[in-house]
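Read off the chains here:
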Amino acid sequence: MIKKAVEKALNNQLNAELYSSYLYLSMSSWFSSQNLNGFANWMRVQAQEELMHAIKFYDYLIQRDGRVLLVAVDAPPTGWDSPEAVFEHTYQHEQKVTELINDLVDLSISEKDHATHMVLQWFVDEQVEEESSASDILGKVKMLKESKSGIYMLDRELSQRVFTPPAAQEPATAP
Ligand code: FEO
């Protein structure tokens, strides 16, 4: 049975992941409105990844006999000034999420919840990737500035991203 303090914090994180999904889907729709369909694809995949993060917390809470309590998800912004502004926002958002995950790790240690601590290690690793990919694209967009042909090339590159669902569980082998 999970401790109440940990259960509450994991529910908060589940909501934060749903907000991230909502935020990136909003960014995706903004890119679509700008006819930058590769950028839109990248953000749509990002939104799917965030939903997967939320479901990981959902499944873990259920597994630990915790209670999942879904609450309202804040409305995300709907418009940005430029692709650079979107990726600046993305990079800052991911740094905030990293702080949230680090706070959860601290809580799992103070509550001596070793199982939660283990589960959170996946998210610690994931945040390194999340910050790195946002920072990488932000750097490229900054470099391209007003270069329309450069943005077009990057748009093509970002159109290649595909969502990879978490590996399916190994089927049970016959005795
Ligand atoms: Fe769920 Fe982008 O971190």
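Trainee: What exactly am I supposed to notice about the overall build of the chain here?
Mentor: Along the backbone of the chain there are five helices and zero strands. Listed N to C, the secondary structure of the chain is α-α-α-α-α in terms of helices and strands. By the burial criterion, 41% of the 175 residues in the chain qualify as buried. For the chain, restricting intrachain contacts to residue pairs at least 6 apart in sequence, the fraction spanning at least 24 positions comes to 82%. Surface exposure of the chain reaches about 10,400 Å², of which carbon and sulfur atoms provide 55%. Counting 15 positive and 26 negative side-chain charges, the chain places the averaged centre of each group 2 Å from the other.

Trainee: Before we go on, may I ask you to explain the packing of helix H1 (residues 4-33) against helix H3 (residues 83-110) in this structure?
Mentor: The angle between the axes and the distance between the axes are what describe a pair of packed helices. In the contact formed by H1 and H3, the axes pass within 11 Å of each other and the chain directions differ by 170°. By the angle class used here, H1 and H3 are roughly antiparallel.

Trainee: Looking at this model, I keep getting lost on the pattern of salt bridges. Mind explaining?
Mentor: Oppositely charged side chains may form a pair once their charged atoms are brought near each other. Tallied over the full model, the rule gives eight salt bridges. Between glutamate 49 and arginine 161 there is a salt bridge, and its shortest N-O distance comes to 3.7 Å. Linking glutamate 49 in helix H2 (residues 37-63) with arginine 161 in the segment after helix H5 (148-158), this pair joins segments that are 112 residues apart in sequence. Between lysine 142 and glutamate 88 there is a salt bridge, and its shortest N-O distance comes to 3.6 Å. Within this pair, whereas lysine 142 is found in helix H4 (residues 114-144), its partner glutamate 88 is found in helix H3, the two being separated by 54 residues in sequence. Judged by relative accessible area, which is 26%, glutamate 88 ranks as partly exposed. Because the salt bridges share partners, they merge into one network encompassing Asp136, Lys140 and Glu157.

Trainee: Please explain the environment of aspartate 113 as it appears in this structure.
Mentor: Of note, aspartate 113 is situated in the loop between H3 and H4. Owing to a relative accessible area of 7%, aspartate 113 belongs among the buried residues under this scheme. Residues aspartate 113 and leucine 10, 103 residues apart in the sequence, show an inter-C-alpha distance of 12 Å.

Trainee: Sorry, what's going on with the side chain of threonine 98 here?
Mentor: Mapped onto the elements, threonine 98 comes out in helix H3. At 3.1 Å, the side chain of threonine 98 forms a polar contact with the side chain of glutamine 127. Those residues in contact with threonine 98 that sit more than four places away from it in its chain are Gln127 and Glu131.

Trainee: Honestly, unusual backbone geometry in this entry has me stumped. Any pointers?
Mentor: Residues other than glycine predominantly adopt negative phi, and peptide bonds predominantly adopt the trans conformation. One non-glycine residue with positive phi stands out, namely lysine 112, at about 55°. The topology assignment puts lysine 112 in the loop between H3 and H4. Under the relative-accessibility criterion, lysine 112 is labelled exposed at 67%. Positive phi, normally seen in glycine, also occurs at lysine 145, with a value near 45°.

Trainee: Help me understand the packing of aromatic side chains in this model?
Mentor: The way to describe two aromatic rings as a pair is by their centre distance and the angle between their planes. Following the criterion strictly, the structure yields eight aromatic pairs and no others. Pairwise contacts between aromatic rings join Trp30, Phe31, Phe39, Trp42, Trp80 and Phe87 into one cluster. In this arrangement the basic side chain of lysine 56 is found over the ring face of tryptophan 122, its NZ or CZ atom lying 4.1 Å from the centre. Lying across the ring of tryptophan 42, arginine 161 places its NZ or CZ 4.4 Å from the centre.

What counts and how
- Residues numbered from 1 in each chain as written.
- Predicted model: local features only at pLDDT ≥ 70, side-chain atom pairs only at ≥ 80, totals over all residues.
- Heavy atoms only, no water.
- Helix = DSSP H or I, 4+ residues; strand = E, 2+ residues; numbered from the N terminus.
- Buried < 20%, exposed > 50% of the residue type's maximum accessible area, 1.4 Å probe, protein only.
- Contact = heavy atoms within 4.5 Å.
- Areas by Shrake-Rupley, 256 points an atom, 1.4 Å probe, with all protein chains shown as cover.
- Lys, Arg positive; Asp, Glu negative; His and termini not counted.
- Charge placed at Lys NZ, Arg CZ, Asp CG, Glu CD.
- Axes fitted to C-alpha atoms, helices over the stretch in contact; angles between N-to-C directions.
- Parallel < 35°, antiparallel > 145°, perpendicular 65-115°, else oblique.
- Salt bridge = Lys/Arg side-chain N within 4 Å of Asp/Glu carboxyl O.
- Polar contact = N/O pair within 3.5 Å; in protein donor to acceptor, adjacent residues only side chain to side chain.
- Phe/Tyr/Trp six-rings, centres within 6.5 Å; stacked < 30°, edge-to-face > 60°.
- Lys NZ or Arg CZ within 6 Å of the ring centre and 35° of its normal.

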